[in-house]
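# Fold and geometry: a report
For reference, the chains in residue letters:
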Amino acid sequence: MQDGETMSGWAAEAPQEERPAGSREKGLNRVLNILEFLHANQRAIGIGELAKGLNAPRSTTYTLVRELVEAGLLEMAGDGNRVYFGKKLYLYGMAYMRGNDLLRRGRQEVDTLSRETGETSELCMLQSGRYTIIHSSPGTRPFRISSATGLQIPLPWTASGRLLLAGFDRSRIEAMVTEDDLVLPDGRKIELDNFIDDIGKARVTGYCVTSGLVDAYTKCLAAPVFSAPGKVEATMCLVVPIDTSDARTDELVALLRERAARLSIS
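Notes on the structure in this doc start here. (Residues numbered from 1 in each chain as written. Predicted model: local features only at pLDDT ≥ 70, side-chain atom pairs only at ≥ 80, totals over all residues. Heavy atoms only, no water.)

### With respect to helix H9 (residues 192-205)
Short version of the rule: Each helix corresponds to a stretch of at least 4 residues labelled H or I by DSSP, and each strand to a stretch of at least 2 residues labelled E; elements are numbered beginning at the N terminus. One less than the number of residues in a helix, times 1.5 Å, gives the span that helix is expected to have. Whether two residues touch is decided by their heavy atoms; if any such pair falls within 4.5 Å, the residues are in contact.
Here H9 is 14 residues long and its end C-alpha atoms lie 20 Å apart, about the 20 Å a rise of 1.5 Å per residue gives. The inward-facing, buried residues of H9 contact helix H7 (159-164), helix H8 (170-176) and strand S7 (208-211).

### With respect to the nonpolar core
For the record, the criterion: Only buried Ala, Val, Leu, Ile, Met, Phe, Trp, Tyr and Cys residues count toward a nonpolar core, and they belong to the same one when joined by side-chain atoms within 4.5 Å. Only protein chains enter the accessibility calculation, which uses a 1.4 Å probe; a residue whose area is less than 20% of its type maximum is buried, one above 50% is exposed, and one in between is partly exposed.
In this structure, Tyr-131, Leu-155, Leu-165, Ile-173 and Phe-195 are the most contacted members of the largest nonpolar core, which totals 26 residues. Only strand S5 (130-137), H7, H8, H9, strand S8 (218-228) and strand S9 (231-241) provide two or more residues apiece to this core. For this core, the element with the highest residue contribution is H9, accounting for four residues. Setting aside residues no more than four positions away along its own chain, Leu-155 makes contact with Leu-126, Gly-129, Arg-130, Tyr-131, Gly-161, Arg-162, Leu-164, Leu-165, Met-176 and Phe-195. Counting 20 residues, the second largest nonpolar core, distinct from the first, contains Leu-103, Val-110, Leu-221 and Leu-238.

### Some points on unusual backbone geometry
One non-glycine residue, Gln-42, lies in the positive phi region at around 55°. Structurally, Gln-42 can be placed in the loop between helix H2 (23-41) and strand S1 (45-46). If you check the backbone angles, Asn-55 has positive phi at about 55° while not being a glycine. Relative to the helices and strands, Asn-55 is located in the loop between helix H3 (47-54) and helix H4 (58-70). Assessed through its relative accessible area of 73%, Asn-55 is described here as exposed.

### Here's the deal with the packing of aromatic side chains
Rules: Each pair of aromatic rings taken from Phe, Tyr and Trp, with Trp reduced to its six-membered ring, is defined by centres within 6.5 Å and is described as stacked if the planes are under 30 degrees apart, edge-to-face if over 60, and tilted in the remaining cases. Any Lys NZ or Arg CZ that is within 6 Å of a ring centre and within 35 degrees of that ring's normal is treated as a charge sitting over the ring.
Under the criterion given, the structure shown has one aromatic pair. Centre to centre, the rings of Tyr-84 and Phe-85 are 5.0 Å apart; their planes meet at 50°, and the pair counts as tilted. On the basis of relative accessible area, Phe-85 is assigned to the partly exposed category, the value being 25%. Lying across the ring of Phe-168, Arg-172 places its NZ or CZ 4.0 Å from the centre.

### Things to note about the layout of surface pockets
What counts here: Whether a set of points on the 1 Å grid over the protein atoms alone is a cavity depends on a 1.4 Å probe fitting there but being unable to get out, while an open set qualifies as a pocket with protein on both sides within 12 Å along at least five of seven lines; lining residues are those with an atom within 4 Å of a point. Grid points are joined across faces, edges and corners, and a volume is the space filled by probe spheres set on the points. Under the grouping applied here, Gly and all other residues not named as nonpolar or charged are polar, the nonpolar ones being Ala, Val, Leu, Ile, Met, Phe, Trp, Tyr, Cys and Pro and the charged ones Asp, Glu, Lys and Arg.
Considering only enclosed or pocket space, the largest pocket measures out at about 1,200 Å³ in volume. The wall of the largest pocket is formed by 27 residues, among which His-39, Leu-89, Gly-93, Thr-149 and Gly-150 lie closest to the centre. Every element with two or more residues in the lining of the largest pocket is listed here: H2, strand S3 (82-85), helix H5 (87-99), helix H6 (101-117), strand S4 (120-127) and S5. With seven residues, the top contributor of residues to the lining of the largest pocket is H5. Looking at the lining of the largest pocket residue by residue, the classes come out as 15 nonpolar, ten polar and two charged.

### Considerations on the sheet that holds S1
Across a sheet, paired strands are connected by hydrogen bonds in the backbone, their directions being either parallel or antiparallel. How we decide: What makes two strands pair is DSSP finding at least two bridges between them.
With antiparallel pairing, three strands are arranged side by side in an open sheet as S1-S3-S2. Edge positions in the open sheet fall to S1 and strand S2 (74-77), since each of these has one partner strand only. Where S2 lies against S3, four bridges are found, and the strand directions are antiparallel. The residue bridging Ala-77 from the neighbouring strand is Arg-82, located in S3.

### Details of the pairing of S3
Pairing geometry for S1 and S3, over two bridges, is antiparallel. Of the residues in S3, the one forming a bridge with Gly-46 is Arg-82.

Rendered as structure tokens:
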């Protein structure tokens, strides 16, 4: 079966594989891999591309996707030959937000900060070894800064990454950061020792400012949100034009630290 074929023929064409001992755990891992792959790509994916990207058997991928579609966790997109997240996952996410006090209050603080400053504001957390935007509120500038909820970026590219890793020992940081993570979009490479030094400085100062890392036009200001003394649970960030004056940057950092402290558990 080719990617151009729709879901309707899967039940007849996908072979039914016997499930040996331990296959349930393997099947669960494959389901999680499918969800991670879709999240990382941020778009609907053809089933053949999905199987290839996961290096998984095509027939097994067909079977798992069909079951996830039937459960409402995935949906067929476009002309019916691609798959993406389903409405049920959205409902689960909304339930998580209602039950998570930090996320609920953090969204409010981010939206308020964006309105007050006119700058793009974000709430960010560590997820799957990546800096992840949990909530984003665009600024009022005509020039729109790229920022989207759910976007994942290598930790060394961000101010938040330097705060989210504060308190981690070197071996743990090395285990989380790959060589590719240290290469910026423009090809420059961040030295691991310099990155680790930046983490130590951010921990001491209680904030971090980076310029021209993700792109040449912006700088990122970040302040830590603590879930316990010394434990950084999240960050609040502002993404501003790189030519923002030092005085304005200092003003925004002070405001950011004040709002992040509101969210923190002392």
